[in-house]
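# Per-entry structural report
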Amino acid sequence: MSEVEFLSWVRGPGFQIAIVIFIAGVIIRFAEILLLGRKTNLAEAKGSEMGGGLRTIVTRSIPDKSTFKRSTFTVIAGYIFHIGLFVTIFLFAPHILLFKDVIGLSWPAVPTAIVDAFAVISIIALLAILVHRMRDNVLKFITTKEDYVVWLLTILPLITGYMAFHRIGMTAPTLLAIHILSVELLLVAFPFTKLMHAFTLVLARWYNGAISGYRGVES
Amino acid sequence: MTDSTNKKDKLPADLIQSGKSPFDKTLGETMRSQGVSRRSFLKFCAATASMMAMSPAMIPKIAHALENARRPSVIWLSFQECTGCTESLTRAHAPSIESLIFDSISLDYHHTLQAAAGHAAEEAREIAMEENFGKYLLVVDGSIPMDNPGYSTIAGISNYDMLMESAKGAAAIIAVGTCATYGGIPHADPNPTGAVSVGDLIKDKPIINVPGCPPIPVVITGVLSHFLTFGTIPELDHIGRPKVFYGQSIHDRCYRRPFYDKGLFAETFDDEGARKGWCLYKLGCKGPTTYNACATTKWNNGTSFPIESGHPCIGCSEPDFWDGGGFYKALSMPTVDVTKAAIYTAAGAAAAGVALGAMNRSKKNAAAAAHADTTIDDLKK
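Since this is a predicted model, take the numbers as computed values, not measurements.

## Remarks on the overall build of chain A
Scanning chain A from N- to C-terminus turns up 11 helices and 0 strands. C-alpha extents for chain A along the principal axes are approximately 65 × 40 × 35 Å. Put simply, chain A has 219 residues, and 29% of those count as buried. In chain A, once contacts between residues fewer than 6 apart in sequence are set aside, the share between residues at least 24 apart is 76%.

Next comes the structure, spelled out in structure tokens:
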């Protein structure tokens, strides 16, 4: 397989396979969660489920003081790489073109130098998070193999994307193909690993907020 | 590049000896007879040295070697091609030094340019091969059909047979154009003639790939100058291209690169961005994945190159560029219709999800129905 054939495959059939698995996996998991239902609450409602639920989806984005104090590093490093991922995935011009091609929506891009900086900061944050995970006794105890796999799948697109942008080590078509392939691996693993939190966090937060809302207390 | 001086000593003796017959004139003599001044000749040598990233100390050495080189015998074979490469190499706007260098090689066989035809032409090739066995340069443009030899023959000889026979006595082979280097357009899907490149067939000779559709004329004169000066072939990349010309991507040397970095793109061929000369990435430019010298040496005596004329790079110096998913599709876009696949998948997955959900529910209900309270007697058992 020549490098151009490799690139054509990841841009064509490879991408299609990844998208099909990603969408099928996410929808089936969502359907399973939603259709499982909840036990009827026999207690009398003291407030609105909806209000508490919707509010909590937003408010849980800001860590409360005690959590921040207890896990300062995790919160800060976590925020950095999540914001970095958002900027690199959604605000880089070639990526926006991909979204436009698939879902038809488009928005303005930011200059490459800014995306580049966010990519580097995210890579550093993810490396620091791995070191922290391996050195902290409690974290080490609760870490499973999946955590390492997901960490690798998350950092690979950042590293390969950085290499492809700067054309480091290999030729441009190969670097671009490897970058796209790394994203496809992430998409395929997404519905079946904890990466699914990107979607389920909304359900989980709503549920937490709704319980409190039903009881008429602040969540 | 400091060891290059030693390479000069490896030059075949007959390449530097000065012949007297008109046929054996050296390049220096030929150029003087054509009215090329010493100053413009040295300017060419300086340009060649800088283009190939050599130190200025190499300029007199190049000049000396080129002046004293006997016209090397060149056999040019054209197979499945469109003659665009020959057009490119022979159509310099003004008689430039490059074209004179090119005129000054002993082009013993080239079926587009030679006056002889039929058996006389083939005889010229055979004589040149015999007289210069082991020393002539073989230039090939066009791909070789391996499916049925009848797709392309010359004087009843199949392309494959002619290539193998001519390659035997060649000092080196220069594959010119993307067809000869990587199969090019004949090799494009579904490759009806079973076209292959020169490198696919010949493994025991040094091959210099000069891809492009067509390649830049100055690149081939640069490669020829290198061969005449040092008697060796230039440093090649992993797909046989001289690194001096194919070492950097179009994107990295593009004068529109600052617009890419700022996020300023032409969206169509006639919008404001296109008129202002913004980046052509969104219009399908293959500059980021293409290695060639267009952005630096340019075309038509340094006038411009495709991107400067407002058209995205189509990546013609890369293997299989014809099957790269469309010239006007941006590199980051998928080459297939993913949206349709996504919608069908979503519909199918929703149905599957509901079915699985129903199964889970009935399992839950069955578990609830089978539930029995544990009594103190049970625990005593």
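## Examining the packing of helix α2 (residues 13–36) of chain A against helix α18 (residues 338–369) of chain B
Relative to each other, α2 of chain A and α18 of chain B sit at 30 degrees, their axes nearing to 7 Å. Relative to α18 of chain B, α2 of chain A is oriented roughly parallel. The hand of the α2 of chain A/α18 of chain B crossing is right-handed. Of the residues that constitute the contact of α2 of chain A with α18 of chain B, the class distribution is 20 nonpolar, 6 polar and 2 charged.

## Points about the interface of chain A and chain B
The interface of chain A with chain B comprises 36 residues on the first partner and 41 residues on the second. Of all the elements in the fold, those that place two or more residues in the side of chain A that touches chain B are α1 (3–11), α2, α6 (93–103), α7 (112–135) and α10 (172–189) of chain A. Residue contributions to the side of chain A that touches chain B peak at 14 residues, all from α2 of chain A. Of the residues that constitute the side of chain A that touches chain B, the class distribution is 25 nonpolar, 6 polar and 5 charged.

## Remarks on the domain arrangement of chain B
Residues and elements named next belong to chain B. The domains assigned to chain B are domain 1 (4–246) and domain 2 (250–323). On the side of domain 2, 15 residues touch domain 1, which itself brings 18 residues to the contact. Elements represented by at least two residues in the side of domain 1 that touches domain 2 include exactly α10 (177–182), α12 (217–230) and α13 (243–246). Of the residues belonging to the side of domain 1 that touches domain 2, the class tally is 12 nonpolar, 4 polar and 2 charged.

## So, the pairing of strand β9 (residues 207–210) of chain B
Residues and elements named next belong to chain B. Taking every second residue as pointing to the same face, both faces of β9 are buried, with Ile207 and Asn209 on one and Ile208 and Val210 on the other. Relative to β9, strand β7 (residues 170–176) runs parallel, the two being bridged by 4 bridges. In the sheet register, alanine 175 faces β9, and the bridge partner there is asparagine 209.

## Examining the sheet that holds β9 of chain B
Across a sheet, paired strands are connected by hydrogen bonds in the backbone, their directions being either parallel or antiparallel. All names here are of chain B. Pairing is parallel across the open sheet formed by 5 strands, whose spatial order is β2-β1-β3-β7-β9. Only two strands of the sheet have a single neighbouring strand rather than two, namely β2 (106–110) and β9. Here the strands of the sheet are splayed against their neighbours by 20 degrees on average, with no regard to which way each runs. Each of β1 (73–78), β3 (136–141) and β7 is contacted by helix α9 (residues 159–167), which is oriented at about 165 degrees to β1, the strand it contacts most. Seen against the sheet, α12 touches β3, β7 and β9 and runs at an angle of roughly 160 degrees to β9.

## Some remarks on the environment of arginine 135 of chain A
As for its position among the elements, arginine 135 of chain A is in helix α7. Spatially, the C-alpha atom of arginine 135 of chain A lies 31 Å from that of isoleucine 178 of chain A, the residues being 43 residues apart in sequence.

## Some words on the packing of helix α4 (residues 38–51) of chain B against helix α5 (residues 59–68) of chain B
Residue and element names in this part refer to chain B. Running from N to C, α4 and α5 cross one another at 120 degrees; their axes reach a closest spacing of 9 Å. Here α5 runs oblique to α4, going by the angle between their axes. Like other packed secondary-structure pairs, α4 and α5 cross with a definite hand, here right-handed. For the pair formed by α4 and α5, the contact residues are Phe41, Leu42, Cys45, Ala46, Thr48 and Ala49 on the first element and Ile59, Ile62, Ala63 and Leu66 on the second.

## Quick look at the confidence of the model for chain B
Note: predicted coordinates in regions of low pLDDT should not be interpreted at a detailed level. Residues and elements named next belong to chain B. In the predicted model, chain B carries a mean pLDDT of 84, and 90% of its residues have values of at least 70. Note on residues 1–23: pLDDT is under 50 here. Beyond four places in sequence and across chains, it has 35 contacts. Predicted complex, confidence summary: ipTM 0.86, pTM 0.83.

## Considering α7 of chain A
All names here are of chain A. Look at α7: 35 Å from first C-alpha to last across 24 residues, which is about the 34 Å you get at 1.5 Å a residue. For α7, the full list of buried residues reads Val115, Phe118, Ala119, Ser122, Ala125, Leu126 and Ile129. Looking at the buried residues of α7, the elements they touch are α5 (72–90) and α9 (145–166).

## What to know about the environment of arginine 205 of chain A
Residues and elements named next belong to chain A. Among the secondary structure elements, arginine 205 is positioned in helix α11 (residues 197–215). Classification of arginine 205 by C-beta neighbours within 10 Å gives buried; the count is 20. In this structure, the C-alpha to C-alpha distance between arginine 205 and serine 48, residues 157 residues apart in sequence, is 15 Å.

Conventions we followed
- Residues numbered from 1 in each chain as written.
- Chains lettered and ligands numbered in written order.
- Predicted model: local features only at pLDDT ≥ 70, side-chain atom pairs only at ≥ 80, totals over all residues.
- Helix = DSSP H or I, 4+ residues; strand = E, 2+ residues; numbered from the N terminus.
- Buried ≥ 20, exposed ≤ 12 C-beta atoms within 10 Å, placed from the backbone.
- Contact = placed C-beta atoms within 7 Å.
- Axes fitted to C-alpha atoms, helices over the stretch in contact; angles between N-to-C directions.
- Parallel < 35°, antiparallel > 145°, perpendicular 65-115°, else oblique.
- Left-handed = near helix turned anticlockwise from the far one by under 90°.
- Nonpolar A, V, L, I, M, F, W, Y, C, P; charged D, E, K, R; others polar.
- Domains from an automatic or database assignment.
- Pairing = 2+ DSSP bridges.
- pLDDT = per-residue confidence, 0-100.
- Expected span 1.5 Å × (residues − 1).

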